[in-house]
Amino acid sequence: MPYTTSRSSRPWLVEQAHSALRLLFAMLCFSALVGAQDVQHRFLVCGQQTKIVEEDGSVSWKYPLATRDGYVLENGHKILTISKCEAYPGGAVIDVAPDGTEVVIWRGTQSEINSAQPTPQGNLVLTEAGDNPRLLEIDSEGKVLVEFALDCQKPNHHMQTRMARKLTDGTYLAPHLLDFAVIHYSAEGRVLGSLDTSAPNDPEHAIHTWPFTAIRHRDGHTLVSCTNGNQVIDFDAHGAVVWRLTNDDLPGPWLQDPCGAQVLDNGNVVITSYSGGNFDPNAPKLIEVTPEKKVVWTYSDGQQSGIHHFQILDTNGQSIAHPRK
């Protein structure tokens, strides 16, 4: 008997055909974009792989352990937040000198360390997740200068917090994933305010817009990447959402668990797609968009390993001294 389709099955076949066409269109757009990029970046990758990628895509430096956060300082030292592993069960913060010498600045005392931001004063701001989630500011020798408890849920250690950042006024921003909130803390740990990252019309939080990275930038705005919800949101100084990037704004479903982000001096935003390689190894791992949501640069390495966070170091041969990330 020849193969036939029933009338009721035809809408499904049409939808499958449309999906295939959409995927083909996205791939063609991506191929055209990659071949026409005028922007080139050199950057540090933190994630399942830890490396520095040159503007031509070659890898000039590697570190053997997975990392959650990282910075290359002006003196060439690299501050890395090590994921919990056999060598560091609670994670760690290390300093890797240009000659490869390593110094452990902080060994995690709880479940994991999620970030370590260098400050202009030479200190480090880090968070520890665990039974007693906390923010710490330490000096280069590991001496605790600031310590306070984080106002987040406690049962799920891994989903407590991510990229804490100190602001220029001495206060701190910390995203708390399962609380759907970016909390603004005083220097003493008092809650000064909160940004709600819940998706519109989603009181039950069916859309997992968990905040991962929160960046204070122009005129008091705060850019927030929202992981599993596949969105990046910009709040104004009053807490109103004034910009939102989703996959509807891109040539394809390129936002797959957007974790790290960086605001460049020209106002463009670079975003990681941490899980993109799980869907397609050739999918973009990093995406740069303008405020008008035009894609101007992407990075793909043909591997499944995800980029947790990153630091853009150079653009078209010009060094970036003070990244906002």
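Data block above holds the structure.
Just so you know, these numbers come straight off a predicted model, no measurement behind them. (Residues numbered from 1 in each chain as written. Predicted model: local features only at pLDDT ≥ 70, side-chain atom pairs only at ≥ 80, totals over all residues. Heavy atoms only, no water.)

Student: I'd like a rundown of the overall build of the protein, residues and numbers included.
Tutor: In terms of helices and strands, the protein carries two helices and 25 strands. Within the protein, buried positions represent 53% of all 325 residues. Sequence separation of at least 24 residues holds for 41% of the intrachain contacts in the protein that already meet a minimum separation of 6. By element, 52% of the accessible surface of the protein is carried by carbon and sulfur atoms, the whole surface being about 15,200 Å². (Helix = DSSP H or I, 4+ residues; strand = E, 2+ residues; numbered from the N terminus. Buried < 20%, exposed > 50% of the residue type's maximum accessible area, 1.4 Å probe, protein only. Contact = heavy atoms within 4.5 Å. Areas by Shrake-Rupley, 256 points an atom, 1.4 Å probe, with all protein chains shown as cover.)

Student: Which residues make up the sheet that holds strand β5 (residues 78–82), and what are the values?
Tutor: With respect to topology, four strands assemble into an open sheet ordered β4-β5-β6-β7, the strand pairing being antiparallel. Across the chains shown, the open sheet's two edge strands, defined by having one partner strand only, are β4 (67–72) and β7 (102–107). Each strand of the sheet is rotated relative to its neighbour by a mean of 20°, with strand direction disregarded. Where strand β6 (residues 92–96) and β7 come together, five bridges link them in antiparallel fashion. From the neighbouring strand, Val-93 faces β7, where its bridge partner is Trp-106. (Pairing = 2+ DSSP bridges. Axes fitted to C-alpha atoms, helices over the stretch in contact; angles between N-to-C directions.)

Student: Please set out the pattern of salt bridges residue by residue, giving values where relevant.
Tutor: Taken as a whole and assessed by the stated rule, the structure comprises ten salt bridges. Taking the shortest distance from any N to any O, the salt bridge between Glu-54 and Arg-42 comes out at 3.1 Å. Pair noted here: Glu-54 is in the loop between β2 (50–53) and β3 (59–63) and Arg-42 is in strand β1 (residues 41–47), with a separation of twelve residues, a long-range link. Given the relative accessible area of 22%, Glu-54 is considered partly exposed. The exposure class assigned to Arg-42 is partly exposed, which follows from its relative accessible area of 24%. (Salt bridge = Lys/Arg side-chain N within 4 Å of Asp/Glu carboxyl O.)

Student: Break down the environment of Val-270 for me, with residues and values.
Tutor: Residue placement: Val-270 occurs in strand β21 (residues 269–272). Judged by relative accessible area, Val-270 falls into the buried class, the value being 0%. Residues Val-270 and Val-296 lie 26 residues apart in sequence; the distance between their C-alpha atoms is 9.8 Å. Here Val-270 is in contact with Gly-260, Ala-261, Gln-262, Leu-264, Leu-286, Ile-287, Glu-288, Trp-297, Phe-310 and Ile-312, once residues within four sequence places are set aside.

Student: So what's going on with the pairing of strand β14 (residues 181–185)? Which residues, and what values?
Tutor: Counted residue by residue, β14 has five buried out of five residues, so it is predominantly covered. The two faces of β14 match: Ala-181, Ile-183 and Tyr-185 on one face and Val-182 and His-184 on the other face are all buried. Pairing geometry for strand β13 (residues 172–176) and β14, over five bridges, is antiparallel. Directly across from Pro-175, in β14, lies its bridge partner Val-182. Hairpin connection between β13 and β14: a loop of four residues separates the two successive antiparallel strands, and Phe-180 in this loop has a positive phi of roughly 50°. Note that β14 and strand β15 (residues 191–196) share five bridges and pair antiparallel. Looking at the pairing, His-184 lines up with Gly-193 of β15.

Student: A description of the sheet that holds β2 should follow, citing residues and the corresponding values.
Tutor: Either a parallel or an antiparallel arrangement is found when strands of a sheet pair, and the pairing is made through backbone hydrogen bonds. The five strands are arranged β3-β2-β1-β24-β25 in an open sheet whose pairing can be described as antiparallel. Two strands close off the open sheet at either side, each with one partner strand: β3 and β25 (318–319).

Student: I'd like a rundown of the environment of Arg-134, residues and numbers included.
Tutor: The topology assignment puts Arg-134 in strand β10 (residues 134–138). Looking at Arg-134, the relative accessible area reads 15%, which means it is buried. A sequence separation of 15 residues divides Arg-134 from Ala-149, and the C-alpha atoms of the two residues are 4.3 Å apart. If we ignore the near neighbours within four places in the chain, the residues touching Arg-134 are Trp-106, Thr-109, Gln-110, Leu-126, Thr-127, Glu-128, Glu-147, Phe-148, Ala-149 and Leu-150. One polar contact links Arg-134 to Thr-109, side chain to side chain, over a distance of 3.2 Å. (Polar contact = N/O pair within 3.5 Å; in protein donor to acceptor, adjacent residues only side chain to side chain.)

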